[in-house]
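# Coordinate inspection notes
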Amino acid sequence: MKDLSSPQILSVEGLSVSFGKTRVIDDLSFAVPKGRTVAVVGESGSGKSVTSLSIMRLADLAGARFDAGRIVLDTGAGQTDLLGLTQDAARKIRGKDIAMIFQEPMTSLNPVYTVGEQIAEILMLHEGSSRDAALREASRLLSLVRLPDADAMLKRYPHQLSGGMRQRVMIAIAVACRPKLLIADEPTTALDVTIQAQILDILRDLQEEMGMSMIFITHDMGVVAEIADDVVVMWKGEKVEEGPVGQIFAHPQHPYTRSLLSAVPKLGSTEGQDYPSKTPLTVLVDGEPQLVGETRVQDTAQTQGDPLLVVRDLSVSFDIRKTWYGRTTHYIPAVTGASFDVYPGETISLVGESGSGKSTIARTVMQLTEPTGGAITFDGRNMADMGLAERQKLRREIQYIFQDPFASLNPRQTIGWSVAEPIRTHGLADNDRETRSRVGELLERVGMPADVAERYPHQFSGGQRQRICIARALAGKPRLIIADEVLSALDVSIQAQVINLFMDLQKDEGIAFLFVSHDMAVVEKVSHRVAVLYLGQIVELGSRRQIFEQTAHPYTQRLLSAVPNPDPAAKRERTPLDGELPSTTRRVDDRPAPVTYDEIAKGHFVARH
Amino acid sequence: MAGFLIKRLAQAVFVVIVVTLIVSVAVRMTGDPAMMIAQGATDITEADLERIREGLGLNEPFITQYFATLSGLFTWDFGRSFLGGTEVSTLIAGALPATLLLAFSSLVVSIIISVPLGIRAAIRRGKWEDQLIRILSLVGLSFPNFWLATMLVLLFSITLHLLPPSGMTGWATLVMPAMTMGVILTATNVRLVRTSMLEVMQSQYIMVARAKGLSERSVLYKHALRNSAIPLITFLGLQFGGLLGGIVVVEKVFNWPGMGSLAFDAVSGRDYPVLQSVIMILSTLIVLVNLIVDIAYGLIDPRIRTE
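The name given to chain B in an unreviewed UniProt entry is ABC transporter permease, with the source organism recorded as Pelagivirga sediminicola. Turning to chain B, the UniProt annotation filed under Sequence similarities (unreviewed entry) states: "Belongs to the binding-protein-dependent transport system permease family."

In the nomenclature of an unreviewed UniProt entry, chain A corresponds to Glutathione import ATP-binding protein GsiA from the organism Pelagivirga sediminicola. In its Subcellular location (unreviewed entry) section, the UniProt entry covering chain A states "Cell inner membrane". The UniProt entry for chain A carries this comment under Sequence similarities (unreviewed entry): "Belongs to the ABC transporter superfamily. Glutathione importer (TC 3.A.1.5.11) family."

It is worth spelling out the environment of A172(A) at this point. Residue and element names in this part refer to chain A. Turning to its location among the elements, A172 is positioned in helix 7 (residues 163-175). Considering only alpha carbons, one finds A172 and I101, 71 residues apart in sequence, at a separation of 9.7 Å. Not counting residues within four places of it along the chain, the set of residues in contact with A172 comprises I119, L141, L142, L144 and V145.

Now for the nonpolar core. Note that soluble globular proteins tend to have their nonpolar side chains buried in a common cluster. Formed by 238 residues in total, the largest nonpolar core has its most connected members in A172(A), V224(A), L480(A), L514(A), V532(A) and V278(B). At 12 residues, the largest contribution of residues to this core is made by helix 8 (residues 171-201) of chain B. Built from parts of two domains, this core gets at least three residues from each of domain 1 (1-97 + 183-253) and domain 2 (107-178) of chain A. Sequence-distant contacts of V278(B), defined by excluding residues within four places in its chain, comprise M259(B), L262(B), A263(B) and A266(B).

Facing the 19 residues of chain B at the interface are 25 residues of chain A. Those elements that place two or more of their residues in the side of chain B that touches chain A are helix 9 (204-211), helix 10 (216-253) and helix 13 (302-305) of chain B. With 6 residues, the single largest contributor to the side of chain B that touches chain A is helix 9 of chain B. For the side of chain B that touches chain A, the residue count by class is 7 nonpolar, 6 polar and 6 charged.

What follows is about unusual backbone geometry. Residues and elements named next belong to chain A. The residue E186 is not glycine, and still its phi comes out positive at about 45°. Tracing the chain through its elements places E186 in the loop between strand 7 (181-185) and helix 8 (193-210). Its 19 C-beta neighbours within 10 Å are what place E186 among the partly exposed residues. Backbone geometry at K236 places phi at a positive 50°, although glycine is not the residue there. Tracing the sequence through the fold places K236 in the loop between strand 9 (230-235) and strand 10 (238-244).

A separate point is the packing of helix 7 (residues 145-159) of chain B against helix 10 of chain B. Residue and element names in this part refer to chain B. Orientation of helix 7 relative to helix 10, taken along the N-to-C sense of each, is 25°, at an axis distance of 9 Å. Comparing the axis directions of helix 7 and helix 10 gives the class roughly parallel. The element helix 7 and its partner helix 10 pack so that their crossing is right-handed. Counted together, N145, F146, A149 and T150 of helix 7 and G246, V249, V250 and V253 of helix 10 form the full contact between these two elements. Among the residues forming the contact of helix 7 with helix 10, the class breakdown is 5 nonpolar, 3 polar and no charged.

Reading guide: rules and limits
Numbers given for residues are sequential positions, taken from 1 along each chain in its written order. Labels are handed out in written order, letters beginning with A for the chains and numbers beginning with 1 for the ligands. At least 70 in pLDDT is required for a residue's local features to be given in this predicted model, at least 80 for side-chain atom pairs to be given and counted, and no such filter applies to totals for whole chains, interfaces and linings, which use all residues. UniProt positions are given in the numbering used here, feature names are shortened, and annotations may be inferred rather than shown by experiment. We count a stretch as a helix when DSSP gives it H or I for four or more residues in a row; a strand needs E for two or more, and each element gets its number in order from the N terminus. Distance between backbone-placed C-beta atoms decides contact: two residues are in contact if it is within 7 Å. Here, a nonpolar core denotes buried Ala, Val, Leu, Ile, Met, Phe, Trp, Tyr and Cys residues that are linked to one another through C-beta atoms within 7 Å. Note on burial: count the other C-beta atoms lying within 10 Å of the residue's C-beta; 20 or more is buried, 12 or fewer is exposed, in between is partly exposed, and C-beta positions come from the backbone. Reported domain spans reflect what an automatic or database domain assignment gives. Residues are grouped as follows: Ala, Val, Leu, Ile, Met, Phe, Trp, Tyr, Cys and Pro are nonpolar; Asp, Glu, Lys and Arg are charged; every other residue, Gly included, is polar. Geometry is summarised by axes, namely lines fitted to C-alpha atoms with helices restricted to the contacting stretch, and by angles between N-to-C directions that run from 0 to 180 degrees. Should an angle fall under 35 degrees it is called roughly parallel, over 145 degrees roughly antiparallel, and 65 to 115 degrees roughly perpendicular, with every other angle called oblique. The hand of a helix crossing depends on one turn: near helix anticlockwise from the far one by less than a right angle means left-handed, and clockwise means right-handed.

What follows is the structure, given as structure tokens:
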């Protein structure tokens, strides 16, 4: 039991921060008790990241101005107001008393220095260690974050490591000088769930061992439930609520907290139901959360007739290493022997971790990648037998929505131009006037006013841009929409809106969806059927209910057990998780074994291993 | 790394073969050298011309001549000059070191000026120092090299009597030609260093370096500079070609006895064995420099090394 009366390591008092004329944090106060973890949660624009950068005094280096307040650090040897320090003095505290882990492990390490050099650097700086001593300590730290073969790891460069390994190196750097306070800013957001679970474990253990306090910045309520002792909820730069984690989840007081919690998709929320359902959205009306919209069972899948899309024994591989005269020696079997059907009006999800081949399948169906084996049949016609004209028509009937709404709209063209692109490309309108009125209808269909057509992408938020991308996909009058991680860049409240939009479109137009995602909770909410992928092979395929309630394959179980449960009271039963996904690179003569399946219930296929 | 080197070396050899082939064909398209040699003489007969061609080996099939030229690169035998009959190899042995000295001095001058200025402009982005550096670099970009060369001579030799106006008689004579070439390179390099520095400073790993508590100096020189050097080095390799092109004019203005002067005289005198050899050697040099650039990449960036 932790000592609740222990003094605070850090207290933020009446902090206000501005960038230029914009106030991004307003009168924020909270405290971090010694040895405890405070989660600061909020959606994009809530000011949670600026809070952490202000504590580090990195915010003012990026141009922020501290308008009011104090940030008091109490390491036991007296109190210091961090905001009163010069940068030179703050530098002595950064990395030593307060350390920070960042969101993007892929870009957090300097690509031109070895792992060992980057850890040793901070020890030489703050502890005055010699280079040799620092490298020895670095090796110990790498074992501490459970990286195998620590001595060899010292000599490796960041690009040779996976995201999860890099994040562990980052943690090793952060805890090198035994900081009193560790700030973790969305440290697991960019990682797969199984890796996320490992990182959270490591952080918890290190905290215990070193007696550190932690500030954990996140938007993921599941992670909060998992790691936090106390929670601070931020909204538009202000603290709206704070309290112990159990209280925040069980009895949220502020309307915003309540709406945030109700928007979070929870694993197991559709237990006992055969079909996914459209559920009401929680929105703030006059400062009170209200449920808006209907509950409707999404029984849109027309499984009686022929399937719209038939994928049989699909294989896709990429050659990656060649001899100097061009013969392939190594390749990646991105997808091996994948078979599934999609019926009109059905949503089938491809779920798996990075490198599982889920996006490759989606791209191959969209003709963005050539298959190396197997067949794709759309509406009874084999894609391989199609002529150019028919393939072009297919590009209209299948539309693709990409993950990053910021990168998938041309920044120099108006929204109207982008939405009209499929109409122009496929000659779907007779004249400009018809095109314009069609664009207006489409924008209204996705819940945007028609007159935004004249504006440019930078004037819209991520959620609005994703709606625009959906409008563009609809412009082609598609029969199948491939949605590739379309929700992962969006806040949960926006996610819920987009999910409902998809369900409405499916209901009204009978569109089939191929939904690619790594988020098990979202997949459970939207899918009729689910295919679980592991290293390029479908390991389990079945109805949503079969996959989530009669889980049969060990990998699916592992994936499900790694998903953080947004309920701090729930007792966790987790399969212990170790190690990384094995490398997928193979020598040419090393072909993956063909998969065979057992049909353990009607339509429920499990790979035999 | 070894595989990487072998691959780049094979590519370099191929490029040299293609370049020498183009040079050989192009030179032959400018006319019959026998006629050029015989220009001064009256009552030339076809038999005389034939004799001259035989003497030059021009009656051989093109492919034989081409291989003779190519092997010249390895045996250091390029035949004799039409003007004066000196061995071309002797002429080049005199001129090549002078040109290399000038070219590398210019590069060094440009790096010494452009890297600190570019970094300064980047860290003071939008402030007056940045504006000033950017304006100066635009001014530098707008100078034609022959004009700048003349102005330097007017200022330093004629008005101030500080530097000798021409020739190659000691370190003092190197200053003005190297400055002329260097200033123009500097103008582009400052902008390149500034842009790539700005980009690198936005990286997450720079934030991480600051979060470690490193001084701004370490952040800049240890973490940012090495990463922002990668585009600069690429560009230096590309610039080297332009540099050798510009050297013809600058060497002529300062009467610098290098490959540029040699080429200039060869063109005016239609001394085509010299011209062909000079072009071939300069092209090979450019290929070599770019090979060195590729190797330098590998040294700076581990991601390229292991590819």
